[in-house]
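Below, each chain spelled out in residue letters.
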Amino acid sequence: MDNPAAAAERRTVTVGEVCLEGLRVLEGLAASGLRSVRFACEVPGLQSIVANDFSASAVELIKRNIRFNGVEHLVTASYSDARMLMYNRTGKQNCFDVIDLDPYGSPAMFLDAAVQNVNDGGLLCVTCTDMAVLAGNSGETCYSKYGSMSLKSKFCHEMALRILLHSLDLRANCYQRYIVPLLSISADFYIRVFVRVFIGQAKVKMSASKQAMVYNCVGCGTFHLQRMGRAVAHGNNMKFSAGTGPPIGTSCEFCHQKHQVGGPIWAEPLHNVPFIQKVLSALERNPKRFNTSDRIEGMLSMATEELNIPLYYTLDTLSSTVHCNTPSLLQFRSALLHAGYKVSLSHACKNAIKTDAPPSVIWDIMRCWEKLNPVKREKLSETSPAYHILGTEPSIEANFEIRQDANPKSRKMGLKRFQENPEANWGPKARAKAGGGISEALEERRKHNQNKRKTSPEDTSFKQFTCKKYKQGSCDLGDSCRYSHSLVDSDGRDSCDLTSDDNTTAS
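These figures come from a predicted structure and were not determined experimentally. (Residues numbered from 1 in each chain as written. Predicted model: local features only at pLDDT ≥ 70, side-chain atom pairs only at ≥ 80, totals over all residues. Heavy atoms only, no water.)

A. Spotlight on the overall build of the chain. From N to C terminus, the chain includes 18 helices and 15 strands. Taken across its 507 residues, the chain has 44% of its residues classed as buried. In the chain, the share of contacts with a sequence separation of at least 24, taken over all contacts with a separation of at least 6, comes to 64%. As displayed, the chain offers around 27,500 Å² of accessible surface, 51% of which is attributable to carbon and sulfur atoms. (Helix = DSSP H or I, 4+ residues; strand = E, 2+ residues; numbered from the N terminus. Buried < 20%, exposed > 50% of the residue type's maximum accessible area, 1.4 Å probe, protein only. Contact = heavy atoms within 4.5 Å. Areas by Shrake-Rupley, 256 points an atom, 1.4 Å probe, with all protein chains shown as cover.)

Laid out in structure tokens, this is it:
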């Protein structure tokens, strides 16, 4: 029970009031300071807010916005390198209770300082917009920044979240700290995670068993996870050991192709469902508080429905692999439910299927579906994944009769789960210029570069290579030769016989 004396001292704090026992907030990369101003104007129980940026012009803009909104008593502008600001405020009395990092691109360089400077049990909010790196376009760059190899796959957006959580936990472990995710969201062109950071040497030992390597088949897309460590309870004690494996052979058992290895990634839940339900309850009490309430409700509702199972399959990929028609979402979900397995959607992808069913059951369901929607097997290559997958008879009889529980609640209610782009060219804009100027609009750049790479038919300067006779030392044009002898003109002359000032090109 709560201490009666402490309960008597509690009081209600209004928005905009300084609370000496309240939270200390840092927005490390504040830019205009908009988020810090919103904290001051909308969140009660705050002691102080530091809006920091390493741009002098940005700091001047922050100061102006602070004065304009009348929050000088709560918000302080700071001109500093965010890393040094956090490193210089070590110790329980100086640490922040909430740290928000929202850079343009990768936050990797700030994570080490952030996990040290947030208080025990404090909140760390991190945004990443370098999705090309996290989604597998540059696996080696992802490893250098986050300590994990990303894979270019259909589950890349959820894997990006798990790579970021792995990186946060790994850096926190260096200082006997560990993370507990509250909410992890993939939306639009970025990902954002909200985690609490705790101190505890015993819990840090559990971290190895929370990470996993990913084996992803390059042919059919089947994936397997391999935990990095094991934690087994022995009475009141825990025994830790290395993980055992590998979980698969040298080639895929379904399509006989090789695997890619990615990770390590965070293999524990992405969300804290009780926390999300509290946020939804607060939203229901005041639905008009935010202009984006509909989207908040839709995405958070989907997050509560997600299974705590890493990664997912997509219906279009499964169907494309076996070259058959795509079953409806409800049909495939019903087949998994009839087979006795759990299934859910994912907020990270519209047609995602998260399930605890093993890959063998998923492909058996697709084999049964192919029998109802036959493909021309005589046209399948013997080396294709479809040939090997369909060449095996299913071990179960899939039932595609639609069940009522196959349709999730958020979908039945028609909640706004996936937002469509509100305008053309929606997405991250160009990085701000060093001098504080505004970058050229995307449409203007496209007009400026239109037809830039097209070469005029009269221009022969693009042929900057010599002919075969020149390499043999028998070309009459000598060093001025820039034509190929592989073509002959209409008069039967070699193209090298043309004079250097002749503008006619061989065709």
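That covers the picture; the talk isn't over yet.
B. Spatial organisation of helix α5 (residues 108–117). Of all ten residues in α5, eight are buried; the element is thus mostly enclosed. Of the residues making up α5, those classed as buried are Ala108, Phe110, Leu111, Asp112, Ala113, Ala114, Val115 and Asn117.

C. The arrangement of helix α3 (residues 56–69) in detail. Spanning 14 residues, α3 covers 20 Å between terminal C-alpha atoms, matching the ideal 20 Å at 1.5 Å per step. Along α3, the positions that sit buried rather than exposed are Ala58, Val59, Ile62 and Ile66. End-on view of α3: buried residues confined to an arc of 100°, all on one side of the axis. For α3, exposure combined with an orientation more than 90 degrees from the buried face picks out Glu60, Arg64, Arg67 and Phe68. Buried residues along α3 sit in contact with β2 (46–53) and β3 (75–79). Downstream of α3 by one or two residues, Gly70 has phi in the positive range, about 65°. (Expected span 1.5 Å × (residues − 1). Arc of directions from axis to C-beta.)

D. Structural view of the side chain of Asn119. Looking at the secondary structure, you find Asn119 in strand β5 (residues 118–128). Non-local contacts of Asn119, meaning those with residues more than four positions away in its chain, are made with Arg24, Lys92, Cys95, Phe96, Asp97, Arg177 and Val197.

E. Structural detail: unusual backbone geometry. The omega torsion across Gly245 and Pro246 is 5°, close enough to zero to call that bond cis. Note on placement: Pro246 falls in the loop between β11 (237–242) and β12 (259–266). Cis geometry is adopted by the peptide bond preceding Pro264, which originates at Gly263 and carries an omega value of 5°. Relative to the helices and strands, Pro264 is located in strand β12.

F. Layout of the side chain of Thr314. With respect to the element layout, Thr314 can be found in strand β13 (residues 313–314). Accessibility expressed as a relative area gives 3% for Thr314, which makes it buried. A polar contact is formed between the side chain of Thr314 and the side chain of Asp316, at a distance of 3.0 Å. Side-chain polar atoms of Thr314 contact the side chain of Thr317, separated by 2.6 Å. For Thr314, the residues in contact, after removing those within four places along its chain, are Lys154, Cys349, Asn351 and Ala352. (Polar contact = N/O pair within 3.5 Å; in protein donor to acceptor, adjacent residues only side chain to side chain.)

G. How the structure looks around the nonpolar core. Core analysis: the largest hydrophobic core is formed by 83 residues, its most contacted members being Met86, Ile99, Leu124, Leu134, Leu164, Leu168 and Phe332. In terms of residues, this core owes the most to one element, helix α8 (residues 156–173), which gives eight residues. Filtering out sequence-adjacent residues up to four positions away, Leu124 remains in contact with Ile99, Ala114, Val115, Leu168, Val193, Phe194, Val195 and Val197. (Core = buried A, V, L, I, M, F, W, Y, C linked by side-chain atoms within 4.5 Å.)

H. Representation of the packing of helix α12 (residues 315–322) against helix α14 (residues 359–372) within the structure. Two numbers describe how α12 lies on α14: the axes approach to 11 Å, and their chain directions differ by 65°. Where α12 crosses over α14, the two elements pack in a sense that is right-handed. Where α12 approaches α14, its residues Leu318, Ser319, Thr321 and Val322 are matched on the opposing element by Ile362, Trp363 and Met366. (Axes fitted to C-alpha atoms, helices over the stretch in contact; angles between N-to-C directions. Left-handed = near helix turned anticlockwise from the far one by under 90°.)

I. View of the pairing of strand β15 (residues 349–355). Within β15, five of the seven residues are buried, which leaves it mostly tucked inside the rest of the structure. Pairing geometry for β13 and β15, over two bridges, is antiparallel. Bridge pairing links Tyr313 to Ile353 in β15. Summarising the sheet, strand β14 (residues 343–346) and β15 pair through three bridges and their orientation is antiparallel. The partner of Val343 across the bridge, within β15, is Thr355. Hairpin geometry of β14 and β15 is characterised by an intervening segment of two residues between the two adjacent antiparallel strands. (Pairing = 2+ DSSP bridges.)

J. Inspection of the sheet that holds β5 at higher detail. Strand order across the open sheet formed by seven strands is β3-β2-β1-β4-β5-β7-β6, with mixed pairing between neighbours. Across the chains shown, the open sheet's two edge strands, defined by having one partner strand only, are β3 and β6 (177–187). Ignoring which end each strand starts from, the neighbouring axes of this sheet average 20° apart. Inspection of the sheet shows β5 paired to strand β7 (residues 190–199) by seven bridges, in the antiparallel sense. Bridging from a neighbouring strand, Cys128 pairs with Ile191 of β7. α3 contacts β2 and β3 of the sheet and is inclined by roughly 170° relative to β3.

K. Molecular detail of the confidence of the model for the chain. For the chain, per-residue confidence averages 86 on the pLDDT scale, and 84% of positions sit at 70 or higher. In the model, residues 456–462 has pLDDT below 50 throughout and makes five contacts with residues more than four positions away in sequence or in other chains. Within the model, pLDDT remains below 50 along residues 486–492, and this stretch shows seven contacts once partners closer than five positions in the same chain are excluded. (pLDDT = per-residue confidence, 0-100.)

L. A look at the sheet that holds β14. Spatially, β13-β15-β14 is the arrangement adopted by the three strands of the open sheet, whose pairing is antiparallel. Lying at the two open borders of the sheet, with one neighbouring strand each, are β13 and β14. Against the sheet, helix α13 (residues 329–338) contacts β14 and β15, and its axis sits at roughly 145° relative to β14.

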